[in-house]
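Architecture at a glance
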Amino acid sequence: MSITTVFDKQTTTTATIGEPPVGEVAGVGEVAGVAGADLRQMKPLPAWFFAFEGVFGGAYDILKANPDAWTVLIGLALVNITISLTVLGKRRKLVRAMLKNSRTRFIAIGLIALRLAVHLVLGALGAAVETTTGHLLLAFAMTGITVALLWFDQRVTFRALGIPLSR
């Protein structure tokens with residue numbers, strides 16, 4: 001079940017006097033294949049973790065600026081995988097839930113479309129990005145946009161599931 005279907009379900013609130021209401025989604029046992037109780041215990045992924053994905057969001061322009069940077073990108077991919085499997089291993093369920101979310105896929109497709117649109121529009125205006133500085137600026141912008149969107153997607157996912165963000 002995707003997160004968007006959670007919004008379509010009716011919610012029921014159970015509370016007694018003096019206690020804050022606790023919302024439950026009626027009829028939903030799992031979200032994206034992960035038990036809701038398991039996700040409620042999760043802490044949000046740190047913003048620095050999204051920087052790895054951000055670098056890959058700007059990888060095209062990084063490689064255009066310096067074709068030899070592919071070795072650094074491969075190294076960062078290995079570090080990302082290592083951190084994902086060790087330090088953030090307990091949060092794999094959260095990562096899986098986010099990856100199965102259609103909004104996260106929309107962000108990935110949107111970033112690719114943004115990349116193409118920027119290059120096409122600048123090319124059509126006669127201001128195609130051809131310099132190293134231009135590619136680095138565009139890579140920096142795409143990295144920032146990627147980090148911001150993934151961080152925002154995580155916040156929306158946590159709020160939709162009723163998981164507190166401050167832990």
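Everything quoted here is computed from the prediction, not taken from an experiment.

In terms of helices and strands, the protein chain carries eight helices and four strands. Put simply, the protein chain runs from its N terminus to its C terminus through helices and strands in the order α-β-β-β-β-α-α-α-α-α-α-α. In the protein chain, of all internal contacts separated by at least 6 residues, the share reaching a separation of at least 24 is 71%. Accessible area of the protein chain: about 10,400 Å², with a carbon and sulfur share of 67%.

As a further point, take the layout of surface pockets. Of the volumes computed, that of the largest pocket is approximately 530 Å³. Among the elements of the structure, helix H3 (47–57), helix H5 (70–85), helix H6 (92–100), helix H7 (102–124) and helix H8 (132–161) are those that each provide at least two residues to the lining of the largest pocket. It is H7 that provides the largest number of residues to the lining of the largest pocket, a total of six residues. Of the residues belonging to the lining of the largest pocket, the class tally is 14 nonpolar, five polar and four charged.

Our next topic: the packing of aromatic side chains. Evaluated as defined, the whole model comprises three aromatic pairs. Their ring planes at 80 degrees and their centres at 6.5 Å tell us that tryptophan 48 and phenylalanine 49 sit as a pair that is edge-to-face. For tryptophan 48, a relative accessible area of 46% corresponds to the partly exposed category.

Together, Leu63, Trp70, Ile74, Leu78, Ile81 and Leu85 make up an exposed nonpolar region whose accessible area comes to about 590 Å². Looking at where isoleucine 74 falls in the secondary structure, it is placed in helix H5.

By secondary structure assignment, the location of arginine 115 is in helix H7. Those residues in contact with arginine 115 that sit more than four places away from it in its chain are Gly57, Gly58, Tyr60, Asp61, Leu138 and Met142.

Grouped together as the largest cluster of nonpolar side chains are 13 residues, with contacts concentrated most on Leu45, Phe49, Phe50, Ile83, Leu88, Leu94 and Met98. Of all the secondary structure elements, the ones that give two or more residues to this core are H3, H6 and H8. Setting aside chain neighbours within four positions, we find leucine 45 in contact with Phe50, Leu88, Arg91, Leu94, Val95, Met98 and Gln154.

This part takes up H7. It helps to recall that an α-helix has 3.6 residues per turn; residues three or four apart then point in one direction. Across its 23 residues, H7 extends 32 Å between first and last C-alpha, which sits within 8% of the 33 Å expected from 1.5 Å per residue. Listed in full, the buried residues belonging to H7 are Arg103, Thr104, Ile107, Leu111 and Arg115. Summarising the contacts, the buried residues of H7 are in contact with H3, helix H4 (59–65), H6 and H8. Glycine 126 lies just past H7 and shows a positive phi near 80 degrees.

Moving on, we come to the UniProt feature "transmembrane region" (unreviewed entry) in the protein chain. Under the present numbering, the feature "transmembrane region" (unreviewed entry) in UniProt falls on residues 69–88, 108–129 and 135–152. Counting secondary structure, residues 135–152 comes out at 100% helix and 0% strand; the distance between its end C-alpha atoms is 25 Å.

This paragraph deals with the confidence of the model for the protein chain. Mean pLDDT over the protein chain: 76, with 75% of residues reaching 70 or higher. When mean pLDDT is compared element by element in the protein chain, H4 scores highest at 90, while strand S2 (residues 22–25) scores lowest at 42. A low-confidence stretch, residues 9–33 stays under pLDDT 50, and its non-local contacts, those more than four residues away or across chains, total 30 contacts.

Turning to the environment of valine 118, a few remarks are in order. Within the secondary structure, valine 118 is located in helix H7. Expressed as a C-alpha distance, the spacing of valine 118 and leucine 138, which sit 20 residues apart in the sequence, is 9.2 Å.

Here we come to the environment of glutamine 41. Counting through the fold element by element, glutamine 41 comes out in the loop between helix H2 (36–40) and H3. Glutamine 41 gets classed as exposed once you look at its relative accessible area, which sits at 62%. Through-space distance from the C-alpha of glutamine 41 to that of arginine 91 is 9.8 Å; in sequence the pair is 50 residues apart.

Parameters at a glance
Counting starts from 1 at the beginning of each chain's written sequence and moves along it residue by residue. Totals for whole chains, interfaces and linings use all residues, but because this is a predicted model, local features are given only for residues with pLDDT of at least 70 and pairs of side-chain atoms are given and counted only at 80 or more. Only hydrogens and water are removed before side-chain values are computed, so all heavy atoms of the structure are retained for them. Counting from the N terminus, the helices are the DSSP runs of H or I reaching at least four residues and the strands are the DSSP runs of E reaching at least two. Contacts are assigned to residue pairs with any non-hydrogen atoms lying within 4.5 Å of each other. Surface exposure here means Shrake-Rupley accessible area, sampled with a 1.4 Å probe, where a residue is shielded only by the protein chains that are shown. Lining residues are defined by having an atom within 4 Å of a point belonging to a cavity or pocket. Those points lie on a 1 Å grid over the protein atoms alone, cavities being sets where a 1.4 Å probe fits but cannot get out and pockets being open sets with protein on both sides within 12 Å along at least five of seven lines. Grid points are joined across faces, edges and corners, and a volume is the space filled by probe spheres set on the points. In this classification, Asp, Glu, Lys and Arg are treated as charged, Ala, Val, Leu, Ile, Met, Phe, Trp, Tyr, Cys and Pro as nonpolar, and every other residue, Gly included, as polar. In this scheme Phe, Tyr and Trp rings, the latter by its six-membered ring, pair at centre separations within 6.5 Å, and the angle between planes marks the pair as stacked below 30 degrees, edge-to-face above 60, and tilted otherwise. Remark: exposure states derive from per-residue accessible area (1.4 Å probe, protein chains only) relative to the maximum for the residue type, with buried under 20%, exposed over 50%, and partly exposed in between. Within this analysis, patches are made of residues with over 30% relative accessible area and no salt bridge. Like charges are joined at 9 Å or less; nonpolar side chains (Val, Leu, Ile, Met, Phe, Trp, Tyr) at 5 Å or less. A pair is scored as a salt bridge if a Lys or Arg side-chain nitrogen falls within 4 Å of a carboxyl oxygen belonging to Asp or Glu. Working definition of a nonpolar core: buried Ala, Val, Leu, Ile, Met, Phe, Trp, Tyr and Cys residues. They are joined through side-chain atoms within 4.5 Å. Given the number of residues in a helix, its expected span is that number minus one, multiplied by 1.5 Å. UniProt positions are given in the numbering used here, feature names are shortened, and annotations may be inferred rather than shown by experiment. The pLDDT score gives, residue by residue, the confidence of the prediction method on a 0 to 100 scale.

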